[in-house]
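Structure assessment
The chain contents come next:
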Amino acid sequence: MGWTLFGSSASPDLSGDSSGSLRAFVLGTGSSGNSLLVEADGVRILVDAGLGPRQLEARLAALGVPLDRGAGRLAIDAIVPTHHHGDHFGGVEKIARALQCPVYLHRGIHAPRVRARFEVRDYDMGRRFHIGSLEVTAEHVPHDAPQVALRVASKEHALGIATDVGRPTHALTALLAACDAALVEANHCSEMLAFGPYPMRLRQRVGGGFGHLSNAQTAELAAKLVGSRLGRIYLGHLSRSNNTPERALETVASAAPRMNVSVLPHGSVCALEIRRSKAFQLALPFD
Ligand SMILES: [Zn+2]
Ligand SMILES: [Zn+2]
């Protein structure tokens, strides 16, 4: 247990390539572009595509993950955007075109151009679906566009992704409690937002119930998750104007002392560590 500060130079753990293991690589987090590659048993999905294909390839290369998998295999098997805001959706068309991969959309995502031009597979929020061997659960969360938090599970591991969340919900807590690790938004410090450079309307939008999670809200959520399967939280989608990595980390880690909390500064490119906590294995030996 402890606090870790991840920077863009964090090196990936490429050793966990055994059957059923889940690997995840953050390729961007924050308003300048969000994207996360999740991989297990030869299936790769891209959660959010706020980057273009060239950035995607360069950032994967920096992590030692080649985009080209050869032998006729798709470089990425699916793009799963959480919602249609540009920092999550802006690269969907270019990446789908470049990599010829399908796009999974929930019915709240308004994307007529993508539906007209690319292979789209619709899914319903609150239902599980599969992409190859990966099981994906999408839970609706409040935001100012129809938005989901995701749980992506392999045979061994489960990763939660919850950014752009206006306020925590019971369903979100339950979704994250069933994960081994999660990327969770700690967007802003409420005091910095209140006295920061944003105009009033934008402050109200970001801090409102359909905006983004504050450090304090994420801390409250993390405290509820202590003792669950979730052993590690990565804080992401930090505001550059209204937060600092140190504030986010201190606020959340102090509220959840038995949780392993790390922070991903704006624009981080790094591998995430996903492992089952020993306590959970002991508690549920037959799971
Ligand atoms: Zn966003
Ligand atoms: Zn958003």
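One structure accompanies this document, and this report is about it. Computed from a predicted structure; not experimentally measured. (Residues numbered from 1 in each chain as written. Chains lettered and ligands numbered in written order. Predicted model: local features only at pLDDT ≥ 70, side-chain atom pairs only at ≥ 80, totals over all residues. Heavy atoms only, no water.)

1. Details of the overall build of the chain
- When helices and strands are counted, the chain shows 10 helices and 15 strands.
- By principal-axis analysis of the C-alpha atoms, the chain measures approximately 50 × 50 × 35 Å.
- Accessible area for the chain stands at about 12,400 Å²; split by element, carbon and sulfur atoms hold 52% of it.
- Between the mean site of the 30 positive side-chain charges and the mean site of the 26 negative ones, the chain shows a separation of 3 Å. (Helix = DSSP H or I, 4+ residues; strand = E, 2+ residues; numbered from the N terminus. Areas by Shrake-Rupley, 256 points an atom, 1.4 Å probe, with all protein chains shown as cover. Lys, Arg positive; Asp, Glu negative; His and termini not counted. Charge placed at Lys NZ, Arg CZ, Asp CG, Glu CD.)

2. A short note on the coordination of the zinc ion (ligand 2)
- Around the zinc ion (ligand 2), the protein supplies His83 (NE2), His85 (ND1), His143 (NE2) and Asp164 (OD) as donor atoms, at distances of 2.2 to 2.3 Å.
- Here the zinc ion (ligand 2) is ringed by four donor atoms whose angles at the metal span 94 to 164°, and the overall shape comes out irregular.
- Donor residues binding the zinc ion (ligand 2) come from one chain and are separated in sequence as H-x1-H-x57-H-x20-D. (Donors = N, O, S within 2.8 Å, 3.2 Å for Na, K, Ca; no water. Tetrahedral: all angles 85-135°; square planar, octahedral: opposite > 155°, others 65-115°.)

3. Let's talk about the pairing of strand E12 (residues 181-185)
- With five of five residues buried, E12 lies mostly within the body of the structure.
- As paired elements, strand E11 (residues 158-162) and E12 share four bridges and run parallel to each other. Each bridged residue has a counterpart across the sheet, and for isoleucine 161 the counterpart in E12 is leucine 183.
- Each parallel crossover has a hand, and for E11 linked through helix H5 (residues 170-177) to E12 it is right-handed. (Buried < 20%, exposed > 50% of the residue type's maximum accessible area, 1.4 Å probe, protein only. Pairing = 2+ DSSP bridges. Right-handed = clockwise from strand over helix to strand, strands pointing away.)

4. Thoughts on the coordination of the zinc ion (ligand 1)
- Around the zinc ion (ligand 1), the protein supplies Asp87 (OD), His88 (NE2), Asp164 (OD), Asp164 (OD) and His237 (NE2) as donor atoms, at distances of 2.2 to 2.8 Å.
- In primary sequence terms, the donor set of the zinc ion (ligand 1) follows D-H-x75-D-x72-H.
- Here the zinc ion (ligand 1) and the zinc ion (ligand 2) are spaced 3.8 Å apart, with aspartate 164 acting as a shared donor. Of this pair, aspartate 87 sits in helix H2 (residues 86-89) while histidine 237 sits in the loop between strand E13 (232-236) and helix H9 (245-255), and the two are 150 residues apart along the sequence. The two residues aspartate 87 and histidine 237 agree in class, both being buried.

5. Considering unusual backbone geometry
- Phi at aspartate 41 takes a positive value of approximately 50°, unusual for a residue other than glycine.
- A residue is classified by how much of its surface remains accessible, and aspartate 41, at 37% relative accessible area, is partly exposed.
- A positive phi angle, close to 55°, is found at glutamine 100, a residue other than glycine.
- Inspection of the secondary structure assignment puts glutamine 100 in the loop between helix H3 (92-99) and strand E6 (103-106).

6. Description of H3
- Within H3, burial applies to Val92, Glu93, Ile95, Ala96 and Leu99.
- The inward-facing, buried residues of H3 contact strand E4 (43-49), helix H1 (53-62), strand E5 (78-80), H2, E6 and helix H4 (112-117). (Contact = heavy atoms within 4.5 Å.)

7. Focus: the packing of aromatic side chains
- Applying the stated criterion across every chain, the model contains two aromatic pairs.
- Between tyrosine 104 and phenylalanine 129 the ring centres are 5.6 Å apart and the planes differ by 10°, which places this aromatic pair in the stacked class. One end of the pair, tyrosine 104, is in strand E6; the other, phenylalanine 129, is in strand E8 (residues 128-131), and 25 residues separate them in sequence.
- Using a relative accessible area of 8% as the deciding quantity, one classes tyrosine 104 as buried. (Phe/Tyr/Trp six-rings, centres within 6.5 Å; stacked < 30°, edge-to-face > 60°.)

8. A few points about the pattern of salt bridges
- By the definition in use, this model includes 15 salt bridges.
- Two residues, arginine 44 and glutamate 39, come together in a salt bridge whose shortest N-O distance is 2.6 Å. Comparing arginine 44 with glutamate 39 shows no difference in burial state: the two are buried.
- Here aspartate 144 and arginine 205 are joined by a salt bridge, their closest N and O atoms 2.3 Å apart. Note that aspartate 144 is positioned in the loop between strand E9 (134-141) and strand E10 (147-153) and arginine 205 in helix H7 (residues 200-207), a separation of 61 residues in sequence. (Salt bridge = Lys/Arg side-chain N within 4 Å of Asp/Glu carboxyl O.)

9. Some points on the packing of H5 against helix H8 (residues 215-225)
- Viewed as axis vectors pointing N to C, H5 and H8 meet at an angle of 55°, and their least axial separation amounts to 10 Å. Between H5 and H8, the interaxial angle falls into the category oblique. In this structure, H5 meets H8 at a crossing whose hand is right-handed. Each of Leu172, Thr173, Leu176 and Ala177 in H5 lies in contact with H8, whose residues at this interface are Leu221, Lys224 and Leu225.
- The class makeup of the residues in the contact of H5 with H8 is five nonpolar, one polar and one charged. (Axes fitted to C-alpha atoms, helices over the stretch in contact; angles between N-to-C directions. Parallel < 35°, antiparallel > 145°, perpendicular 65-115°, else oblique. Left-handed = near helix turned anticlockwise from the far one by under 90°. Nonpolar A, V, L, I, M, F, W, Y, C, P; charged D, E, K, R; others polar.)

10. Observations concerning the environment of isoleucine 79
- Relative to the helices and strands, isoleucine 79 is located in strand E5.
- According to the relative accessible area criterion, isoleucine 79 is buried, its value standing at 0%.
- Sequence separation between isoleucine 79 and arginine 127 is 48 residues; the distance between their C-alpha atoms is 18 Å.
- With residues up to four places along the chain from it excluded, the contact list for isoleucine 79 reads Leu46, Ala49, Val92, Ile95, Ala96, Cys101, Pro102, Val103 and Tyr104.

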